[in-house]
Amino acid sequence: MPRRKWCVSRIDKEKASELSAACCIDPFASLLLVSRGITTKEAVEEFFSADSAFCDPFSVLDMDKAVERINLAVECGEKIAVYGDYDADGVTASALLYLYLEMLGADVVCYIPDRESEGYGLNIRAIEALAADSVRLIVTVDNGISAIAEAERIYELGMELVVTDHHKVGTVLPKAEAVVDPHREDDTVSFEDWAGVGVAFKLISALSDGESEEVLENFADLIAVGTIADIVPLTGENRAIVRRGIEKINSGENIGIKALREVSATEQKAVSASSVAFGIVPRINAIGRIERADKAFELLVCQNPEQANELAREIDIANAKRQELEQQITLEAQKLLDENPEMAFDRVLVFDGEGWHGGVIGIVAARFVDRYLRPCIVITSNGISAKGSGRSIEGFSLYDAINSVSDLLTHFGGHPLAAGFGIRPEDIPQFRRRINEYAKTVQMPFATLTLDCRLKPQFISADLIPVIESLEPFGAGNPQPLFGLFDMTINSVQPLKGGKHVRLNLTKDKANITALKFSTPFDSFPYRRGDRVDLAVRLEKNEYMGQTKVSIYIKDIRMAGTDDEKYLRSVRLYEKIRRKENVRPEHAALAGVDRAFVASVYRFLRNEGGFSGDSDILCYRLGGDGSDACRVLLSIDILCELGILKKEDGRITLSDADKKVNLADSCLMAYIEKLAK
């Protein structure tokens with residue numbers, strides 16, 4: 001398993017001290033702000049202000065035209081259709097605009113397409129159905145910017161269109177009365193990072209004569225949920241929206257959101273942006289993945305508590321089904337990888353399966369990105385057609401990669417970190433080969449883990465919790481602080497909850513701490529008493545019997561002093577050799593696998609009775625510094641090829657301790673020796 005490269009933010013401590021004094025804020029808070037690039041008094045004051053100054057909604061291009069056309073429709077009693085999307089951003093945006101137009105007395109309906117049968121955005125069948133329903137004006141939220149042909153059809157049928165979207169704009173704009181998208185090249189608006197629901201918020205503010213405050217009083221909860229869901233940066237207006245929205249969610253005014261909190265077990269304590277992201281948002285997304293998103297829309301506009309509770313229970317059941325499907329597909333994809341181990345060396349992992357549920361393949365791709373720290377694409381086929389969804393790591397544009405093989409695709413779209421497409425099933429093998437050929441032409445970045453700062457364990461106390469909480473809400477652009485505890489010595493490792501998690505007791509300079517590592521089985525935890533380790537940790541409040549303490553949660557762990565750069569480059573060399581790509585002589589020398597080294601690896605594993613853990617730990621146990629990862633991994637592969645070792649579920653075991661083998665029988669050993677010559 002690969003590991004992330006740790007990066008500790010550089011902090012100008014003198015600047016942090018100056019800001020602390022100038023802004024009268026806690027010195028530790030000042031350090032954290034400087035680590036995130038907030039280095040001026042004005043920026044600090046804006047960050048901590050209760051409300052950001054919202055820009056004039058009419059500063060967004062075409063907003064005046066959109067307001068004029070919608071007001072005309074309301075005044076003339078024209079039937080308006082709010083056309084949304086099936087994810088949490090699109091559903092909250094749909095509910096927001098629908099509720100507002102309903103308040104104005106408009107004749108309004110809402111249409112959200114089905115993910116499986118219709119796909120994203122405007123489609124001809126839906127447009128024709130809306131025309132048959134006497135709709136005169138379609139207003140999109142969270143979609144529409146790329147619907148060129150669909151917009152033409154709207155006008156052919158005698159309807160008109162207003163587009164509100166936040167996705168990247170193509171070379172041609174759709175035919176419409178107004179196209180409101182802050183990413184238009186000719187738009188000069190001061191803030192452009194809204195989610196789809198954020199653009200809808202600006203539209204409603206404009207319809208309210210620019211009164212953003214009034215809109216927030218009524219709808220901040222809906223806007224916040226969609227903003228958190230779309231993972232836009234929680235800075236500027238988005239930060240102010242979410243802060244106001246969290247307050248409103250905690251007040252329980254929206255019956256639908258309150259019902260979702262109950263089924264997600266987040267109603268017992270004050271909600272945060274994180275609990276919205278992990279409790280409420282997945283459930284809204286789930287119903288759109290498993291069924292139609294209409295139920296989520298109905299829940300968010302519902303005024304009847306009993307009906308809301310029933311809808312929330314149905315949505316919770318859909319979420320459980322989503323989790324079940326996701327786990328099933330993940331297991332099947334992992335089995336494909338286990339049965340075809342050469343796939344593990346691909347720069348871009350591509351899995352395909354028959355009949356996998358298309359609504360969850362994107363989540364499965366994200367799981368494999370987290371597991372293998374490389375771009376991943378999951379494709380589902382029905383024998384006639386296929387569709388794929390992919391996720392990437394920062395620095396590798398999946399959109400560009402898919403665009404490079406667009407001649408194989410029926411359609412595609414997306415962003416650098418996420419993309420989707422359609423493809424003919426017979427073209428999948430060629431797609432896999434060519435997208436990896438493209439990846440070979442660009443520098444694949446290392447996945448990184450950014451730490452806000454180093455922290456001495458003796459400074460950890462409950463006093464830090466309110467300082468950290470003052471930086472809320474956390475999310476994209478403002479992540480929960482992550483701290484580095486370096487050169488800690490493990491005193492003990494204990495299992496928790498039946499061995500599913502572990503608790504570590506560690507010391508440094510007479511300071512003693514306890515830290516928890518979740519979802520880490522005790523029987524396969526590779527660290528032991530006496531090991532010196534570095535920890536990447538989060539600090540969180542722990543309230544018990546009226547007392548507030550600090551809990552330390554481990555995000556990542558490594559051997560102390562690990563040189564990530566050396567280790568990761570050595571792993572990259574190993575993968576290159578396993579792909580049998582050209583290796584420069586000086587790099588081939590670094591592989592340096594000889595019979596004595598293979599024998600030493602075998603003796604160690606025999607004495608240990610096998611091994612469970614990442615190869616950087618195995619390098620450490622063998623006395624290396626990580627730069628010899630290539631040699632270690634090649635040695636293990638040679639021993640597996642000869643039948644002495646087995647690799648299963650991330651664990652190396654001895655298959656036959658008494659078996660006599662000849663290293664000369666290993667094809668891999670022969671290939672490495674050839675490289676060395």
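Our structure's up above, just so we're on the same page.
All values reported here derive from a predicted model rather than from experimental measurement. (Residues numbered from 1 in each chain as written. Predicted model: local features only at pLDDT ≥ 70, side-chain atom pairs only at ≥ 80, totals over all residues. Heavy atoms only, no water.)

Turning next to the overall build of the chain. Within the chain, the regular secondary structure consists of 24 helices and 21 strands. Its C-alpha atoms give the chain a radius of gyration of 28 Å, within 12% of the compact-globule value 26 Å for 677 residues. For the C-alpha atoms alone, the extent of the chain along its principal axes is close to 90 × 65 × 45 Å. Buried residues in the chain amount to 52% of all 677 residues. Taken as two groups, the 81 positive and 104 negative side-chain charges of the chain have centres that lie 10 Å from each other. (Helix = DSSP H or I, 4+ residues; strand = E, 2+ residues; numbered from the N terminus. Rg over C-alpha atoms; globule rule 2.2 N^0.38 Å. Buried < 20%, exposed > 50% of the residue type's maximum accessible area, 1.4 Å probe, protein only. Lys, Arg positive; Asp, Glu negative; His and termini not counted. Charge placed at Lys NZ, Arg CZ, Asp CG, Glu CD.)

Moving on: the pairing of strand β18 (residues 547-559). Bridging between strand β17 (residues 532-544) and β18 involves 12 bridges; their strand directions are antiparallel. When the bridges of β18 are listed, Ala536 appears paired with Asp556. Here β17 hands over to β18 after two residues, with Met545 in that stretch at a positive phi of 55°. (Pairing = 2+ DSSP bridges.)

Turning our eyes to something else, we now look at the packing of aromatic side chains. Under the criterion given, the structure shown has 15 aromatic pairs. Centre to centre, the rings of Phe47 and Phe48 are 5.3 Å apart; their planes meet at 85°, and the pair counts as edge-to-face. Under the relative-accessibility criterion, Phe47 is labelled buried at 10%. Grouped by ring-pair contacts, the aromatic residues Phe351, Phe368 and Tyr372 constitute a single cluster. (Phe/Tyr/Trp six-rings, centres within 6.5 Å; stacked < 30°, edge-to-face > 60°.)

Next up on the list: the sheet that holds strand β11 (residues 418-423). Taken in spatial order, the five strands make up an open sheet running β7-β8-β9-β11-β10, and their pairing is mixed. Edge positions in the sheet fall to β7 (349-354) and β10 (409-414), since each of these pairs with one other strand and no more. Taking each pair of neighbouring strands and ignoring which way they run, the sheet shows an average axis angle of 15°. Where strand β9 (residues 386-391) lies against β11, six bridges are found, and the strand directions are antiparallel. Each bridged residue has a counterpart across the sheet, and for Gly388 the counterpart in β11 is Phe421. Of the strands in this sheet, β7, β8 (376-381) and β9 touch helix α15 (residues 361-372), which is tilted by about 40° from β9. (Axes fitted to C-alpha atoms, helices over the stretch in contact; angles between N-to-C directions. Contact = heavy atoms within 4.5 Å.)

This structure, assessed with the given rule, holds 45 salt bridges. A salt bridge links Asp487 to Arg532; the nearest nitrogen and oxygen atoms lie 2.7 Å apart. Taken together, the residues span a long stretch of sequence, with Asp487 in strand β14 (residues 483-496) and Arg532 in strand β17 at a distance of 45 residues. On the basis of relative accessible area, Asp487 is assigned to the partly exposed category, the value being 31%. Owing to a relative accessible area of 40%, Arg532 belongs among the partly exposed residues under this scheme. Overlapping salt bridges, with partners in common, bring together Arg3, Asp534, Asp556, Arg558, Asp564 and Asp616 in one network. (Salt bridge = Lys/Arg side-chain N within 4 Å of Asp/Glu carboxyl O.)

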